[in-house]
Amino acid sequence: MEQERRSQRSDARQQTRVRPSVTMVDQRKENYHYEEALKTLRTNIQFAGAEITSILVTSCYPNEGKSDIVSQLAKEMGKAGKKVLLLDADIRKSAFIQRFQIEGEVKGLSQYLSGQVAVRDILYTTNYENVDIIFAGPVAPNPSELLEGKLFAHLVEGLSQRYDYILIDTPPMASVIDAAIVGGVCDGAILVIEDGTVGYRTAQKVKAQLEKSGSRVLGAVLNKVEMKKGKYYSYDKYGKYSKYGRYGKY
Ligand SMILES: Nc1ncnc2c1ncn2[C@@H]1O[C@H](COP(=O)(O)OP(=O)(O)OP(=O)(O)O)[C@@H](O)[C@H]1O
Ligand SMILES: [Mg+2]
């Protein structure tokens, strides 16, 4: 079954025509412990099951580190030989154009969802090994409606044949419904939680909201952790990563 699925993906890949390429300039400083934690996150996702292809990354509040983690995870998975699509579904506040210093005009998701361009026009290859990207596109007045339409579901379903993983960046759950809508068409969700900013009840509420939307919550990432000795039972400054893992500050 899994073999059949992989072979369908391989056929679909061969049909993919050469697409325009963008160069992503990653300004984040290398950090050994952060990279190690990413590898563990990648491994945990792989163990979540072969049926998990499309995964959304969200958080309760803004600024908890979603865009950062989703893009670094895409890079890490690509390096490990997985064919990855990084899909920016945060149509309200696109992160990647500025973050990766993308030059020139690129077409994005909002233009595809509003029928202005075709899928092939929004798919870009990148300088990251095995990673393609779809940018969010210009800010649209009705992001929730666009994501709720059939085109988004078809897009994710169609691209699931071509990629091992589709990693989807979304807005925070507390302010808008977009992530829950995306959750309805994804195989799984990861909740990023900034250490010290989200209460237990809020995290539970957001988890329940995701599950209600039909999402399987794969786990949570505790981000921006001040790893003081003793606070967590860590053996070093940055600590370990587990299913409900944690990231040190970089
Ligand atoms: N582990 C970390 N340690 C230190 N700073 C971090 C860490 N993760 C993210 N940041 C910083 O926090 C800020 C917010 O990160 P990011 O944009 O990824 O968050 P976000 O959840 O996508 O935000 P938004 O809700 O606005 O989309 C950025 O300046 C980023 O560099
Ligand atoms: Mg973001």
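> Explanation requested: the site of ligand 1 in the structure shown.
Of all residues adjacent to ligand 1, which total 17 residues, the nearest are Lys 66, Ser 67, Asp 68, Lys 93 and Arg 99. In this structure, Ser 67 approaches ligand 1 through a side-chain N or O atom, which is 2.8 Å from an oxygen atom. In isolation ligand 1 has 630 Å² of accessible area, and contact with the protein removes 81% of it. Elements that contribute at least two residues to the shell around ligand 1 include exactly α3 (66-79) and β8 (217-225). Ranked by the residues each element gives to the shell around ligand 1, the list is headed by α3, at three residues. By residue class, the composition of the shell around ligand 1 is four nonpolar, five polar and eight charged.

> Would you explain the side chain of Ser 110 in this entry?
Within the element layout of this structure, Ser 110 appears in helix α5 (residues 109-113). Residue Ser 110 is classed as buried on the basis of its relative accessible area of 5%.

> Where do I start with the pattern of salt bridges in this structure?
A pair can form between side chains of opposite charge whenever their charged atoms are brought close. Applying the stated criterion across every chain, the model contains ten salt bridges. Here Glu 51 ties to Arg 216 by a salt bridge, and the two come within 3.2 Å at their closest N and O atoms. Taken together, the positions of Glu 51 in the loop between α2 (32-46) and β2 (54-59) and Arg 216 in the loop between α10 (200-212) and β8 put the pair 165 residues apart, joining distant regions of the chain. A relative accessible area of 44% places Glu 51 in the partly exposed class. Given the relative accessible area of 39%, Arg 216 is considered partly exposed. Across the salt bridge formed by Asp 68 and Arg 99, the nearest N and O atoms sit 3.3 Å from each other. Highlighted residues: Asp 68 in helix α3 and Arg 99 in helix α4 (residues 96-99), separated in sequence by 31 residues.

> Would you mind showing me how to read the pairing of strand β6 (residues 165-169) here?
Two faces, one strand: in a regular strand the side chains alternate between the faces of the sheet. Among the five residues in β6, five count as buried, and that is most of the element. Burial along β6 is two-sided: Tyr 165, Leu 167 and Asp 169 and Ile 166 and Ile 168, pointing in opposite directions, are all buried. Pairing between β2 and β6: four bridges, direction parallel. Across the sheet, residue Leu 56 finds its bridge partner in β6, namely Ile 168.

> Teacher, can you tell me more about the nonpolar core here?
Soluble, globular proteins show a tendency: their nonpolar side chains are buried together. Ranked by size, the top nonpolar core spans 40 residues in total, and within it Leu 109, Ile 134, Leu 147 and Ile 168 carry the most contacts. Excluding residues within four positions of it along the chain, Ile 168 makes contact with Ile 55, Leu 56, Val 57, Val 70, Leu 87, Ala 89, Val 156, Val 182 and Cys 186.

The rules behind the values
- Residues numbered from 1 in each chain as written.
- Chains lettered and ligands numbered in written order.
- Predicted model: local features only at pLDDT ≥ 70, side-chain atom pairs only at ≥ 80, totals over all residues.
- Heavy atoms only, no water.
- Near = heavy atom within 4 Å.
- Polar contact = N/O pair within 3.5 Å; in protein donor to acceptor, adjacent residues only side chain to side chain.
- Areas by Shrake-Rupley, 256 points an atom, 1.4 Å probe, with all protein chains shown as cover.
- Helix = DSSP H or I, 4+ residues; strand = E, 2+ residues; numbered from the N terminus.
- Nonpolar A, V, L, I, M, F, W, Y, C, P; charged D, E, K, R; others polar.
- Buried < 20%, exposed > 50% of the residue type's maximum accessible area, 1.4 Å probe, protein only.
- Salt bridge = Lys/Arg side-chain N within 4 Å of Asp/Glu carboxyl O.
- Pairing = 2+ DSSP bridges.
- Core = buried A, V, L, I, M, F, W, Y, C linked by side-chain atoms within 4.5 Å.
- Contact = heavy atoms within 4.5 Å.

None of the figures reported here should be taken as evidence of function without further support.
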